[in-house]
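Geometric and topological summary
Here is how the chains run, residue by residue.
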Amino acid sequence: MGKLRNSLHVPAGMASTDSTDSTDSTDSGYFVPPAVLEVSGIEEMDEEIFGPVLHVATFEADEVDAVVDAINAKGYGLTFAVHSRIDDRVQQVVARLRVGNVYVNRNQIGAVVGSQPFGGEGLSGTGPKAGGPHYMASFRHAPAPEAADVDGNVVAQGALVAALERAGVACGQPVATTDMPGPTGESNRLSPFPRGRFSVSDRVPVL
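Read on for an overview of the structure. (Residues numbered from 1 in each chain as written. Predicted model: local features only at pLDDT ≥ 70, side-chain atom pairs only at ≥ 80, totals over all residues. Heavy atoms only, no water.)

Here the focus is the overall build of the chain. A tally of helices and strands in the chain yields 4 helices and 8 strands. Counting from the amino terminus, helix and strand elements in the chain follow one another as α-β-β-α-β-β-α-β-β-α-β-β. The buried share of the chain, reckoned over its 207 residues, is 19%. Carbon together with sulfur atoms contributes 55% to the accessible area of the chain, which is approximately 15400 Å² in total. (Helix = DSSP H or I, 4+ residues; strand = E, 2+ residues; numbered from the N terminus. Buried < 20%, exposed > 50% of the residue type's maximum accessible area, 1.4 Å probe, protein only. Areas by Shrake-Rupley, 256 points an atom, 1.4 Å probe, with all protein chains shown as cover.)

Attention shifts here to the pattern of salt bridges. Counted under the stated rule, the structure contains 2 salt bridges. Across the pair R96 and D65 runs a salt bridge whose closest N-O atoms are separated by 3.8 Å. Here R96, found in helix α3 (residues 87-96), pairs with D65, found in helix α2 (residues 64-73); they are 31 residues apart in sequence, far enough to count as distant. Of the residues examined, R96 reaches a relative accessible area of 32% and is grouped as partly exposed. One salt bridge in this structure joins D69 and R96, with 2.8 Å as the shortest N-O distance. Placement of the pair is D69 in helix α2 and R96 in helix α3, with a sequence separation of 27 residues. When its relative accessible area of 34% is taken as the criterion, D69 is described as partly exposed. By sharing partners, the salt bridges in this structure join D65, D69 and R96 into a single network. (Salt bridge = Lys/Arg side-chain N within 4 Å of Asp/Glu carboxyl O.)

The subject of this paragraph is the nonpolar core. If you look at the biggest cluster of nonpolar residues, it comprises 8 residues: V64, V68, I71, F80, V82, V93, L97 and V99. Of all elements in the fold, only α2 and β4 (79-82) reach the threshold of two or more residues within this core. The element contributing the most residues to this core is α2, with 3 residues. Excluding its chain neighbours within four sequence positions, the residues that come into contact with L97 are V68, N72, F80 and V102. (Core = buried A, V, L, I, M, F, W, Y, C linked by side-chain atoms within 4.5 Å. Contact = heavy atoms within 4.5 Å.)

Turning our eyes to something else, we now look at α2. Every buried residue belonging to α2 is among V64, V68, A70 and I71, and all of these are buried. In an axial view of α2, the angular spread of the buried residues amounts to 155°, which keeps them on one side of the axis. Buried residues belonging to α2 abut β3 (76-77), β4 and α3. Two residues or fewer past α2, G75 is found with a positive phi of approximately 90°. (Arc of directions from axis to C-beta.)

Looking now at unusual backbone geometry. Trans peptide bonds make up the majority, and among non-glycine residues the majority have a negative phi. Not every positive phi belongs to a glycine, and N105 is a case in point at roughly 55°. Residue classification places N105 among the partly exposed residues on the basis of a relative accessible area of 43%.

Attention now goes to the packing of α2 against α3. In contact at an axis separation of 10 Å, α2 and α3 are set at 30° when each is read in the N-to-C sense. Looking at the two axes, α2 sits roughly parallel to α3. The chirality of how α2 crosses α3 is right-handed. On the side of α2, the interface is formed by V64, D65, V68, D69 and N72, while α3 contributes R89, Q92, V93 and R96. (Axes fitted to C-alpha atoms, helices over the stretch in contact; angles between N-to-C directions. Parallel < 35°, antiparallel > 145°, perpendicular 65-115°, else oblique. Left-handed = near helix turned anticlockwise from the far one by under 90°.)

Set out below in structure tokens:
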């Protein structure tokens, strides 16, 4: 609660109403008033704040890519919503974003199990999405594949990357796209992406 209250820094000249209760009483509870704050950009945000706080930033139309890059640079990637009547602009933003769920011209809450698998990436979570077709499989264990060719020789990292790219799992490209059911007629598409390049060493213990 203290972290949320401290985040509600009110600029000079803006009226502030604080309805938080400093007493430890379950009868009165703890309340944070909704707040709308103007900021220059996401660069001013140091961490995620879960509460009734809306930050508003404006930008020019030709700055869209820079805005999306700034969002990606923060490392958080849970959900993102875009509202636009311009299809090309929607595709431009969606293709550049690095988030788990993208909502286009709709609200960004109330994900439906089996229709809108939910889960983020980066600092907002990794792995199979809850409520999706790959979720249960994540609880199973399978032997790790060995990085060796048919003759038992260790395969160089470059060769492994090349083989993965030939198989169609290049970094930044979806492995496949699946159309999910739309209870209200909306379009829901699930596109799994590879985790990206990583290295494994036998000198590092696996916990």
